[in-house]
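# Chain and residue survey
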Amino acid sequence: MNRIETFDLGDFEWPGEGETVTEVPGRVFYDPAIYQREQDKIFRGEVWNFVGLEVEIPNKGDYKTVHIADTPVVLVRGENDQIHCWVNRCSHRNANIVLDNYGNSDSFYCVYHQWGYDLDGTLKSVTFKRGLGGIGGMSDCFDQSKLRPRALRVESFHGVIFASFSESVETLEDYLGPTVAKFMKRIFNRPIKLLGRQRQFMKGNWKLYAENPRDGYHASLLHVFFATFGLFRASQEGRIHVENGGKQTCFYTFAGKEDEKAKQQGMKEAPHTYQEGIYTLEDNSLLAGKMEWDDGINLVIIDVFPIMMLQQIANVLNIRQIQPHGPDEVTVHYTFFGYEDDDEELEAMRLKQINLIGPAGLVSMEDGMAIEIAQKGIAEDSSATAVIKMGGTGVDEESNFLGDEGPVRGFWNAYTEMMELR
């Protein structure tokens, strides 16, 4: 199948009317042609993709391998403290050059034919380039200086590293938008240290997971632990900010501030979720925490289009990267962190609260299930259509209604514009 055929979507039409997306066709969650178009239009397009944290590669020669959707890349710290990101693909026969997830090296070579590369991806040596014993070797037209893995544009924002295939995309801080940048600065306000990593594989499309953290509506209903123990309810005081044409979202709530009338309505309308007074914890230390900021905010969720999520729940801090594997499979990589100046008590709190997050987390384990049952519900049925009209049909830049699906509509607005589908 050639490239044109791969991108041909036939008679595909996006449902609905108006400037804002309020309906999503099931086809976008299983169609291989749409998935292939996403590789160029989204992941290798006018976006910044999260690839890692500076603390993961602190020293010269430190590297990390990661995928930007289907493209394998290497993140490495090189000479003069410069950070490089280049496609993990040998210029000879396209084999992966770097095979380990993490490590340190002064150079790299491809195990297949041992072509050698510098830390910045420059091709520095070609085995048997001049042949052996005066016989063979590369042809006269071979120009080593023109061969190297593709280098990506790299920017770091307060220690959070993004890469882009585009030379024309705006600066990273402009791409993030003022509110997202402000809250990222708030979290990355001083040196951090890694506490651990987890990953979760799901049988579902990556966009189902991208929708999930933008949807505060589900969080107050699906996650029983959230509502039962007051970590998050839609009746709490908070804000939603949507920026940069829907690409970025910042969602936060204030500790201890809740509308009692709205809470009672929630308990009445969603009795399967609001289990307050029915269940208790034998070990309440799981919920023991410390307010670390003077703004009273105890929950922050930041989404950066297309594949990153940053989260603060009480004292647990984590950053996530979405890695698609075709139209119907995705892995989410979790990186948990604290601060270098944490004392033993605070670090112990963070480590215990990590039980809230991740594949089996008490406030997030249901997300994996939700992604998979949504994918099964679509079941490759082109007539399936999702409705996203809670909170209206537009995308407000700021909303006080934590059940507003505006951020989800914003995501699809950005997606359809980049994919040229509307």
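Residues numbered from 1 in each chain as written. Predicted model: local features only at pLDDT ≥ 70, side-chain atom pairs only at ≥ 80, totals over all residues. Heavy atoms only, no water.

Here we take up the sheet that holds strand β11 (residues 160-164). Spatially, the three strands line up as an open sheet ordered β2-β11-β10, and their pairing is antiparallel. The open sheet is flanked by β2 (49-53) and β10 (153-157), the only strands paired with a single partner. Neighbour to neighbour, the strand axes of the sheet diverge by 30 degrees on average, direction disregarded. Bridge count between β2 and β11: four bridges; the pairing is antiparallel. By the bridge assignment, Leu53 is partnered in β11 with Val160. (Pairing = 2+ DSSP bridges. Helix = DSSP H or I, 4+ residues; strand = E, 2+ residues; numbered from the N terminus. Axes fitted to C-alpha atoms, helices over the stretch in contact; angles between N-to-C directions.)

What follows deals with the pairing of strand β13 (residues 236-243). Counting buried residues in β13 gives six out of eight residues, a clear majority hidden from the surface. Where β13 meets strand β20 (residues 398-399), two bridges bridge the pair, whose relative direction is antiparallel. In the strand pairing of β20, Ile240 is matched with Ser399. (Buried < 20%, exposed > 50% of the residue type's maximum accessible area, 1.4 Å probe, protein only.)

On to the sheet that holds strand β4 (residues 71-77). The antiparallel open sheet is built from four strands, whose spatial order is β5-β4-β3-β6. Two strands bound the open sheet, and with one partner strand each, they are β5 (83-87) and β6 (102-104). On average, each strand axis in the sheet is tilted by 25 degrees relative to the strand beside it, whichever way the strands run. In this structure, β4 lies alongside β5, joined through five bridges in antiparallel fashion. Following the sheet pairing, Val73 is matched in β5 by Val87.

Under the criterion given, the structure shown has three cavities of 30 Å³ or more. As a volume, the largest cavity reaches approximately 150 Å³. If you go around the largest cavity, you meet 19 residues; those closest to its centre are Asn212, Ile301, Met309, Gln311 and Asp367. Those elements that place two or more of their residues in the lining of the largest cavity are α6 (216-219) and β16 (308-313). (1 Å grid on protein atoms, 1.4 Å probe; cavity = no way out; pocket = protein on both sides within 12 Å on 5 of 7 lines; lining within 4 Å. Points joined across faces, edges and corners; volume = space filled by probe spheres on them.)

Cis geometry is adopted by the peptide bond preceding Pro306, which originates at Phe305 and carries an omega value of 5 degrees. Checked against the element boundaries, Pro306 lands in the loop between β15 (297-304) and β16. Although it is not a glycine, Ala69 adopts a positive phi angle of roughly 55 degrees. If you trace the backbone, Ala69 turns up in the loop between β3 (62-68) and β4. Accessibility expressed as a relative area gives 1% for Ala69, which makes it buried. Non-glycine residue Ala314 carries a positive phi angle of around 55 degrees. When you line up the elements, Ala314 lands in the loop between β16 and β17 (316-324).

Take the pattern of salt bridges next. By the definition in use, this model includes 23 salt bridges. Ionic pairing is found between Arg77 and Asp81, a salt bridge with its closest N-O pair at 2.9 Å. The exposure class assigned to Asp81 is exposed, which follows from its relative accessible area of 52%. A single salt-bridge network, built from bridges that share partners, covers Glu54, Arg77 and Asp81. (Salt bridge = Lys/Arg side-chain N within 4 Å of Asp/Glu carboxyl O.)

With that settled, the discussion passes to the environment of His241. The topology assignment puts His241 in strand β13. A relative accessible area of 12% means that His241 is categorised as buried. For the pair His241 and Tyr334, spaced 93 residues apart in the sequence, the C-alpha separation amounts to 23 Å. Residues in contact with His241, not counting those within four places in the same chain, are Thr179, Gln248, Thr249, Cys250, Tyr252, Glu397 and Glu398. (Contact = heavy atoms within 4.5 Å.)

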